[in-house]
Amino acid sequence: MRFHTRKWVKPEDLNPNQTLFGGQLLAWIDEEAALYTIIQLENSKIVTKYISEINFMASAKQGDIVEIGIEVVKFGRTSLTMKCEARNKMTRETILTVDNIIMVNLGDDGMPAPHGKTEVEYVRNRLDD
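Residues numbered from 1 in each chain as written. Predicted model: local features only at pLDDT ≥ 70, side-chain atom pairs only at ≥ 80, totals over all residues. Heavy atoms only, no water.

Here we take up the environment of valine 9. With respect to the helices, strands and loops of the structure, valine 9 is situated in the loop between strand S1 (2-8) and helix H1 (22-41). Given the relative accessible area of 1%, valine 9 is considered buried. Between the C-alpha atom of valine 9 and that of glutamine 24, which follows or precedes it by 15 residues, the distance is 9.7 Å. Once you skip the residues sitting within four places of it in the chain, valine 9 turns out to touch Leu14, Leu20, Ala60, Lys61, Gln62, Gly63, Asp64 and Val66. (Helix = DSSP H or I, 4+ residues; strand = E, 2+ residues; numbered from the N terminus. Buried < 20%, exposed > 50% of the residue type's maximum accessible area, 1.4 Å probe, protein only. Contact = heavy atoms within 4.5 Å.)

Here you go:
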């Protein structure tokens, strides 16, 4: 799994227990999945369709650095399915895992549209064309 993003846990990210609020981490993951999908499908019109069971395993506290990793599970006709892991860079513990995040490619009419992609492409590969 490639870890593309790091987030610094700040006071506004904490819950009353003074640990990272799970909802904040999920917002970071949703944003990371969206950005990853936009880059892969070369279309900024995408939406989150589904996020599977979320398994919280550890936490983070103020000052910790959280890494978010995304890996493609499969390309659908109009969708991209990924899995995710967030880990605490300071303690090296996995904070959570998500087995399936499904993002859907939209056309100009706002409806699901085929994206024509079948494998992960890296930006450097696109720039060589």
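This next bit is on unusual backbone geometry. Excluding glycine, most residues fall at negative phi; most peptide bonds, likewise, are trans. The backbone of glutamine 18 sits at a positive phi, close to 65 degrees, despite the residue not being glycine. Inspection of the secondary structure puts glutamine 18 in the loop between S1 and H1. At arginine 92, a position not held by glycine, the phi torsion is positive, near 65 degrees. Within the secondary structure layout, arginine 92 lies in the loop between strand S5 (79-88) and strand S6 (94-105). Judged by relative accessible area, which is 71%, arginine 92 ranks as exposed.

What follows is about the nonpolar core. Core analysis: the largest hydrophobic core is formed by 26 residues, its most contacted members being Leu25, Ile29, Val66, Met82 and Ile101. When residues of this core are traced back to their parent elements, those giving at least two are H1, strand S4 (65-75), S5 and S6. A per-element tally of this core places H1 first, with seven residues. When neighbours within four sequence positions are excluded, isoleucine 29 is seen to be in contact with Ile68, Cys84, Ala86, Leu96 and Ile101. (Core = buried A, V, L, I, M, F, W, Y, C linked by side-chain atoms within 4.5 Å.)

Structurally, lysine 117 is set in the loop between S6 and helix H2 (123-127). Judged by relative accessible area, lysine 117 falls into the buried class, the value being 15%. Side chain to side chain, lysine 117 and glutamate 42 meet in a polar contact 2.4 Å long. Ignoring any residue separated from it by four or fewer positions in sequence, one finds lysine 117 in contact with Gln40, Leu41, Glu42 and Phe75. (Polar contact = N/O pair within 3.5 Å; in protein donor to acceptor, adjacent residues only side chain to side chain.)

With 20 residues, H1 should reach 28 Å at 1.5 Å per residue; the first-to-last C-alpha distance of 28 Å fits that figure. Of all the positions in H1, only Gly22, Leu25, Trp28, Ile29, Glu32, Ala33, Ala34, Tyr36, Thr37, Gln40 and Leu41 are classed as buried. (Expected span 1.5 Å × (residues − 1).)

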